[in-house]
Amino acid sequence: MTTFNLHLQSATQYEVIEDVVSFVGEDGSGKFGIQANHTRLMASLSFGLARYRCGDQPWQYLALPGALLYFVDNRLYLNTRRYVRDSDYARINTALREQLHREESGLQRIKESLRRMEEEMLKRLRDMQRG
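As the structure is a computational prediction, the values presented were derived from the model and not from experiment. (Residues numbered from 1 in each chain as written. Predicted model: local features only at pLDDT ≥ 70, side-chain atom pairs only at ≥ 80, totals over all residues. Heavy atoms only, no water.)

Q: Now, about the overall build of the protein chain: what can you tell me, with residues and values included?
A: A tally of regular secondary structure across the protein chain gives 1 helix and 7 strands. Ordered by position in the sequence, the α and β elements of the protein chain form the string β-β-β-β-β-β-β-α. Each principal axis of the C-alpha atoms in the protein chain carries an extent, and together these give about 80 × 30 × 30 Å. The buried share of the protein chain, reckoned over its 131 residues, is 34%. Within the protein chain, contacts between residues at least 6 apart in sequence are counted, and of these 51% link residues at least 24 apart. Split by element, the accessible area of the protein chain, about 8700 Å² in all, is 49% carbon and sulfur. Computing the positive centroid from 19 side-chain charges and the negative centroid from 17, the protein chain places the two 6 Å apart. (Helix = DSSP H or I, 4+ residues; strand = E, 2+ residues; numbered from the N terminus. Buried < 20%, exposed > 50% of the residue type's maximum accessible area, 1.4 Å probe, protein only. Contact = heavy atoms within 4.5 Å. Areas by Shrake-Rupley, 256 points an atom, 1.4 Å probe, with all protein chains shown as cover. Lys, Arg positive; Asp, Glu negative; His and termini not counted. Charge placed at Lys NZ, Arg CZ, Asp CG, Glu CD.)

Q: I'd love a proper account of the pairing of strand β5 (residues 60–72), names of residues and values included.
A: When you tally the buried positions in β5, you get 10 out of 13 residues, the bulk of the element. Here strand β4 (residues 41–54) runs beside β5; their pairing, made up of 11 bridges, is antiparallel. Each residue of the ladder has a partner; that of Leu41, found in β5, is Phe71. If you look at the hairpin formed by β4 and β5, you'll find 5 residues sitting between the two strands, and Gly55 has a positive phi there, around 55°. In this sheet, strand β6 (residues 75–79) lies alongside β5 in antiparallel orientation, the contact comprising 5 bridges. Of the residues in β6, the one forming a bridge with Leu69 is Leu78. (Pairing = 2+ DSSP bridges.)

Q: With reference to specific residues and values, describe helix α1 (residues 89–130).
A: Over its 42 residues, α1 runs 61 Å from end to end, which matches the ideal 62 Å to within 8%, given 1.5 Å per residue. Tucked into the core, α1 has its buried residues touching β4, β5 and β7 (84–86). Between a side-chain oxygen at the N-terminus of α1 and the backbone nitrogen of Ala90 the separation is 3.0 Å; the capping residue is Asp88. (Expected span 1.5 Å × (residues − 1). Polar contact = N/O pair within 3.5 Å; in protein donor to acceptor, adjacent residues only side chain to side chain.)

Q: Describe in detail unusual backbone geometry, supporting the description with residues and values.
A: The phi dihedral of Asp73 falls on the positive side, at around 50°, and the residue is not glycine. As for its position among the elements, Asp73 is in the loop between β5 and β6. Positive phi, close to 60°, is recorded for Asn74, a residue that is not glycine. Topologically, Asn74 is positioned in the loop between β5 and β6. With a relative accessible area of 22%, Asn74 lands in the partly exposed category.

Q: How would you sum up the pattern of salt bridges? Please name residues and give values.
A: Scanning the entire structure with this criterion turns up 10 salt bridges. A salt bridge links Arg75 to Asp73; the shortest N-O distance between them is 3.9 Å. The shortest N-O distance in the salt bridge between Arg91 and Asp86 comes to 2.7 Å. Asp86 gets classed as buried once you look at its relative accessible area, which sits at 17%. What you see here is one network of salt bridges that share partners, running through Glu112, Arg115, Arg116 and Glu119. (Salt bridge = Lys/Arg side-chain N within 4 Å of Asp/Glu carboxyl O.)

Below is the structure:
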C-alpha cells in the first residue's frame, strides 16, 4: 500500500503523521480526496472537518477554522491557525461547534465595535460641520 506523510502545522503545534493512505477535505468547490502520488495540489480548505486514514486504521478527524493545503512530493502540508485532532467523531464535532461559536461571538463583538466607531465618527463630522 502506497502512503504519504501529513504535516500538520499551526501557530503552536507541528506534527508529522506517517503512512497516511487517504485524506478528505473540502474547499469552496466541494469535497475532494487525496491519495499517495497525487499530482501537486494547493487548496484553501473551508471551515469544518477534514479526515485522514493511516493504513486500515479508523478515520482520524481534524477540526479546522480553514487551512491552506499543499500536496507535493508525496507530502501533504496543512497550515492553519489551529486544529483539533481526534478519532471520535462526536467529540470532534462538539469541539468544532464550540470553536465556531467562539469565532461567531468574536465577530459579533467586532461588528458592534465597528458600528459604534462609525456612529461616533459621523457624530464628530456633524459637529465639525456645525461649528
